[in-house]
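What follows is the residue order along each chain.
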Amino acid sequence: MSIKHNLCNTRLYRAWINMKNRCYNKKLKEYKNYGGRGIKVCDEWKNDFLVFYKWSIENGYSDDLTIDRIDVNGNYEPSNCRWTTIEMQANNKTNNHFITYNNQTLTINQWARKLNIPRETIKTRLGKKYPINIVLKKGKVK
């Protein structure tokens, strides 16, 4: 395979390599959460960095963002990916615990930040099976 660009030392090129490795390199510990769950990279991206590069530039790529799959169970493909912040991506993980209160659904971390309550306090209250209005209450609960 010949290189047709001078982008091999860029962050975007490394993101492309890492994305493929997560899906196809069984030796990586991350493989179990990607390729091991059946997550793949679409053929157009898998086989041609410049196609991935073009999509990325047209869809808001910058060096402070990371690639995120909108549906965490879906493949890496144009209709299921976006460039987003680390914080936003962290809220789109399979192991997140979502809490709905007053018609708003957020992760534990998002509620903690929003209400200025320690994350561990929320987790402890959930573990004690407190009602949600108590779980998300500031201060001590009885």
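Rules used throughout
- Residues numbered from 1 in each chain as written.
- Predicted model: local features only at pLDDT ≥ 70, side-chain atom pairs only at ≥ 80, totals over all residues.
- Heavy atoms only, no water.
- pLDDT = per-residue confidence, 0-100.
- Helix = DSSP H or I, 4+ residues; strand = E, 2+ residues; numbered from the N terminus.
- Axes fitted to C-alpha atoms, helices over the stretch in contact; angles between N-to-C directions.
- Parallel < 35°, antiparallel > 145°, perpendicular 65-115°, else oblique.
- Left-handed = near helix turned anticlockwise from the far one by under 90°.
- Contact = heavy atoms within 4.5 Å.
- Nonpolar A, V, L, I, M, F, W, Y, C, P; charged D, E, K, R; others polar.

K.L.:
Would you mind going over the confidence of the model for the chain with me for this structure?
P.N.:
It should be kept in mind that the predicted coordinates are not to be read in detail where pLDDT is low. Across the chain, the average pLDDT comes to 88, with 92% of residues at or above 70. The element-level mean pLDDT for the chain is lowest in helix α4 (residues 86-90), coming to 70, with helix α2 (residues 43-46) highest at 98.

K.L.:
I tried to follow the packing of helix α5 (residues 108-115) against helix α6 (residues 119-127) on my own but got confused; where do I start?
P.N.:
A packed helix pair is summarised by two numbers, namely the angle formed by the two axes and the spacing between the axes. Relative orientation of the contacting elements α5 and α6 amounts to 120°, with a least axis distance of 8 Å. Taken as axis vectors, α5 and α6 run oblique relative to one another. Like other packed secondary-structure pairs, α5 and α6 cross with a definite hand, here right-handed. Here α5 contributes Ile108, Asn109, Trp111 and Ala112 to the contact with α6, which in turn contributes Arg119, Ile122, Lys123 and Leu126. Of the residues belonging to the contact of α5 with α6, the class tally is five nonpolar, one polar and two charged.

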